[in-house]
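# Descriptive structure summary
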Amino acid sequence: MKQMKHVFSILFLVLMVTVAGFAQTSQVTAVRAGKMFDPKSGTNLTNQVVLISGDKITEVGPADSVKIPAGAKVIDLSNATVLPGLIDGHVHLTDIQGGLQHQMMVALFSATSSLNAGFTTLVDMGSHGGGYADVELKKAIESGLVKGPRLVTAGPIINITMPGSATFPLLNSPMEPDIEVNGPNQFRAAVRELAKYGVEHVKIHTTGPFYFDKDGKMYNQPLPTREELAAVIDEAHRRGMWVASHTYGGEGLKEAIDLGLDNIQHATAADDDDIKQFVAKKLPITTTILDHRQDEPDDLKKFAPYSRYRLVEVTWKKMLAAGVILGWGSGSAPPPGRVYNTECNCSHGVQAEGFPIFVKWGASPVYTLRMATTVNAKIIHWEDKVGTLEKGKFADLIAVAGNPLEDITEMQRVKFVMKGGAVIRNDLAGAK
């Protein structure tokens, strides 16, 4: 017995020495922020210090009250504005071009392009033919195999047998980019498949083909039945997942509202009654606009003078005035499907072009920054992890040279990116 106690005493001492040694050698990083945007107050705090250990923030506050430990690595952003890492609430990392090996490379390129632009968290809204590439990429990022942003994964979109003009298969069935199902039981099975392969939320289309009539009214064809949509929502919630939908308007939107869908994407043709319901139910709407902007020339060829981009401006302004919870999403996807900037032939990495558009439509710079930080963090249920620079949250922060509260286009010129305490990009003079 005495020998056992002696052994345990030795083991305890070894453990204490090891822990003490780790504590002494653990690198602390201190970020000096000349200005630091605080989404909660909506102001820039001046002369702040952020202390980081590992991938988490350990302390934040004024420089005269937060002591930088001896030996800490100091990053001097005294001449910059520091902000929480941005959250893009609607992206697609893959497309249907090429095989799965190609898809993985596309996913990594898409994700890192957005990370370098300051989007430290991306919410995937469907793989568009990439299978579970988003899930595999997330695993690779979290294991340290590759560098990338935090990902909220969706895998393939769940859809009914879609109306369209598909080619009838003679010898081989074409590969379907989505999980194509019909009937409540098949919808439940599809959700279970997503859960099996590790996705975190479900993406579904509740509206499909659309057109504008001669008076500019948009008509949207509903897709799943009420019973099918109810089955998806119920099964997802049973599996601890939330549900997002591609929804423009009409019956497909009203059913989604009524059945308690968690997050509606677009809401392009929401009417006044829909908007009242958004407010009453505190239902968040993530309206993508850059994709509508890209699609406008084709819309005008068919429906001039009407287009989704022109309609969504009117709808979004109404939602803003009514107090709808508005998330920030870009709709970015790999080319050739989505090209927001012809110079780079890309959409990932330039999605901050959306900030000045929202400001032009009546939002304050503070409002738009909250959309991409605290609001989106709450929508994805990560408000305890990201969205603000606070003790205990991930050390995801970015910096710009100017003041985005005075010039929101600064968000298109991110100069510094840190994710989880690791510097991804540093283009600021004077930063160490």
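On a predicted model such as this, the values are computed, not experimentally measured, just so you know.

Quick notes on the rules
Residues numbered from 1 in each chain as written. Predicted model: local features only at pLDDT ≥ 70, side-chain atom pairs only at ≥ 80, totals over all residues. Heavy atoms only, no water. Helix = DSSP H or I, 4+ residues; strand = E, 2+ residues; numbered from the N terminus. Rg over C-alpha atoms; globule rule 2.2 N^0.38 Å. Buried < 20%, exposed > 50% of the residue type's maximum accessible area, 1.4 Å probe, protein only. Contact = heavy atoms within 4.5 Å. Areas by Shrake-Rupley, 256 points an atom, 1.4 Å probe, with all protein chains shown as cover. Lys, Arg positive; Asp, Glu negative; His and termini not counted. Charge placed at Lys NZ, Arg CZ, Asp CG, Glu CD. Phe/Tyr/Trp six-rings, centres within 6.5 Å; stacked < 30°, edge-to-face > 60°. Lys NZ or Arg CZ within 6 Å of the ring centre and 35° of its normal.

## Here we look at the overall build of the chain
In terms of helices and strands, the chain carries eleven helices and 19 strands. Taking 2.2 N^0.38 as the reference for a compact globule, 432 residues should give roughly 22 Å; the C-alpha atoms of the chain span a radius of gyration of 24 Å, in line with that estimate. The principal-axis extents of the C-alpha atoms in the chain amount to approximately 80 × 60 × 40 Å. Here the chain holds 432 residues, and 51% of them are scored as buried. Considering only residue pairs separated by 6 or more positions, the chain has 66% of its internal contacts joining residues 24 or more positions apart. Total accessible area computed for the chain in this model is approximately 19900 Å², and 56% of it derives from carbon and sulfur atoms. Taken together, the 44 basic and 46 acidic charged side chains of the chain have centroids lying 7 Å from each other.

## Regarding the packing of aromatic side chains
Where two aromatic rings form a pair, the distance of their centres and the angle of their planes describe that pair. This model, assessed by the stated rule, comprises 13 aromatic pairs. Put simply, the rings of Phe 210, Phe 212, Tyr 248, Phe 303 and Tyr 306 touch in pairs and so form one group of aromatic residues. A cation sits over an aromatic face here: Lys 56 above Phe 394, 5.1 Å from the ring centre. The positively charged end of Lys 217 is found above the aromatic ring belonging to Tyr 219, 5.5 Å away from the centroid.

## Observations regarding the side chain of Thr 121
With respect to the helices and strands, the residue Thr 121 is situated in strand 6 (residues 119–124). Using a relative accessible area of 1% as the deciding quantity, one classes Thr 121 as buried. Excluding its chain neighbours within four sequence positions, the residues that come into contact with Thr 121 are Leu 86, Ile 87, Asp 88, Pro 149, Arg 150, Ile 380, Trp 382, Val 386 and Asp 396.

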